[in-house]
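Listed here are the chains, written in short residue letters.
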Amino acid sequence: MADKQISLPAKLINGGIAGLIGVTCVFPIDLAKTRLQNQQNGMRLYTSMSDCLIKTIRSEGYFGMYRGAAVNLTLVTPEKAIKLAANDFFRHHLSKDGKLTLFKEMLAGCGAGTCQVIVTTPMEMLKIQLQDAGRIAAQRKLMPETVAAGTVEKSPTAMQLTRQLLNEKGIAGLYKGLSATLLRDVPFSIIYFPLFANLNQLGKRGAEGPAPFYVSFLAGCAAGSTAAVAVNPVDVIKTRLQSLTRGSTEDTYTGVGDCIR
């Protein structure tokens, strides 16, 4: 398979670079996603993704769309390194004569998704607090009755949040929402890796040659879009479980089942 022609260190470097570029390009959309997912009980500041981005730029400036990006830029490389290395490791040990059944490809993706949450959960935990701070600030200004009394007005930095969570709850504070993160990332990887590998295989020029760039690009888009749509409901649950600050009229949750209900 073409996977074996690329060394693991090269894969990790490529994955890290791709992750950094990806975060930079799509972070404003991710910020809008977090704020839209956290709206509930009729207290809606934003009607759509574009409305959220426009209002964010007006109230927080252009770089307001990148609130929390530093956390992702710092941790995305180890996250992708773990994910790719784990997938490569499981594919290698599950393969027989260099071939994998679809079930074993899905099993390798499951292992990769399980391993990546070591980094993903604290990264998402910190990122969500920073991204959603602008929504809470806007609520305080436009709908003060919906913001709980005593809510801190100035949004903390990632380091302040980390120290606060470690002091109050220990390492478990950074891993709040772990079960929901597993429920999102494991199915995502189960769908993404086999689908990408098989779509990419269809575009190969020969038995051993690599697929053209545009084929890999389109395969990645198709696999990523399919997996993202499939796990989006769990992503909403994860976002709400990991949000520490919310309006006075917004629900609180005791766990995944409670949040689903």
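Residues numbered from 1 in each chain as written. Predicted model: local features only at pLDDT ≥ 70, side-chain atom pairs only at ≥ 80, totals over all residues. Heavy atoms only, no water.

## Focus on the environment of Leu-241
Structurally, the position occupied by Leu-241 is in helix H8 (residues 213-242). Take Leu-241: its relative accessible area is 9%, and that puts it in the buried class. Sequence spacing of Leu-241 and Cys-259 is 18 residues, and the spatial spacing of their C-alpha atoms is 7.4 Å. Beyond its immediate stretch of four places on either side in the chain, Leu-241 contacts Lys-176, Ala-180, Tyr-253, Gly-255, Val-256 and Cys-259. (Helix = DSSP H or I, 4+ residues; strand = E, 2+ residues; numbered from the N terminus. Buried < 20%, exposed > 50% of the residue type's maximum accessible area, 1.4 Å probe, protein only. Contact = heavy atoms within 4.5 Å.)

## Some remarks on the environment of Gln-160
Along the chain, the position of Gln-160 falls in helix H5 (residues 158-169). Distance from Gln-160 to Tyr-175, taken between C-alpha atoms, is 16 Å for residues 15 residues apart in sequence. At 2.9 Å, the side chain of Gln-160 and the backbone nitrogen of Thr-157 are in polar contact. (Polar contact = N/O pair within 3.5 Å; in protein donor to acceptor, adjacent residues only side chain to side chain.)

## A look at the pattern of salt bridges
In the structure shown here, the tally under the stated rule is 14 salt bridges. Ionic pairing is found between Glu-124 and Arg-184, a salt bridge with its closest N-O pair at 3.5 Å. Note that Glu-124 is positioned in helix H4 (residues 102-142) and Arg-184 in helix H7 (residues 178-202), a separation of 60 residues in sequence. This pair shows no difference in class: Glu-124 is buried, exactly as Arg-184 is. Across the pair Lys-238 and Glu-124 runs a salt bridge whose closest N-O atoms are separated by 2.7 Å. (Salt bridge = Lys/Arg side-chain N within 4 Å of Asp/Glu carboxyl O.)

## Remarks on the UniProt feature "transmembrane region" (unreviewed entry) in the protein
According to UniProt, the feature "transmembrane region" (unreviewed entry) maps to residues 12-29 in the numbering used here. With 100% helix and 0% strand, the stretch residues 12-29 has end C-alpha atoms that lie 25 Å from each other. (UniProt positions renumbered as here; feature names shortened; annotations may be inferred.)

## Considering the nonpolar core
Core analysis: the biggest nonpolar cluster contains 8 residues, these being Val-71, Met-123, Met-125, Leu-126, Leu-130, Leu-161, Leu-165 and Leu-174. At the level of secondary structure, the elements contributing two or more residues to this core comprise H4 and H5. If you tally residues by element for this core, the top one is H4, at 4 residues. Counting residues in hydrophobic clusters, the runner-up holds 7 residues, among them Ala-32, Leu-45, Cys-52 and Ala-138. (Core = buried A, V, L, I, M, F, W, Y, C linked by side-chain atoms within 4.5 Å.)

## Observations concerning helix H2 (residues 49-60)
Here H2 spans 16 Å end to end across 12 residues, near enough to the 16 Å set by a 1.5 Å rise per residue. Where H2 is concerned, the buried positions are Asp-51, Cys-52, Leu-53 and Thr-56. Of the residues trailing H2, Gly-61 is marked for its positive phi of about 85°. (Expected span 1.5 Å × (residues − 1).)

## A few points about the packing of aromatic side chains
All told, the structure shown has 8 aromatic pairs when counted by the stated rule. Between Tyr-62 and Tyr-66, the aromatic rings sit 6.0 Å apart at their centres with planes inclined by 50°, giving tilted as the arrangement. Looking at Tyr-66, the relative accessible area reads 22%, which means it is partly exposed. Ring geometry for Tyr-192 versus Phe-196: centroids 5.9 Å apart, planes at 5°, classification stacked. Residue Tyr-192 and its partner Phe-196 are both found in helix H7; the two are separated by 4 residues, about one turn of the helix. Among the residues examined, Phe-196 registers a relative accessible area of 24% and is labelled partly exposed. (Phe/Tyr/Trp six-rings, centres within 6.5 Å; stacked < 30°, edge-to-face > 60°.)

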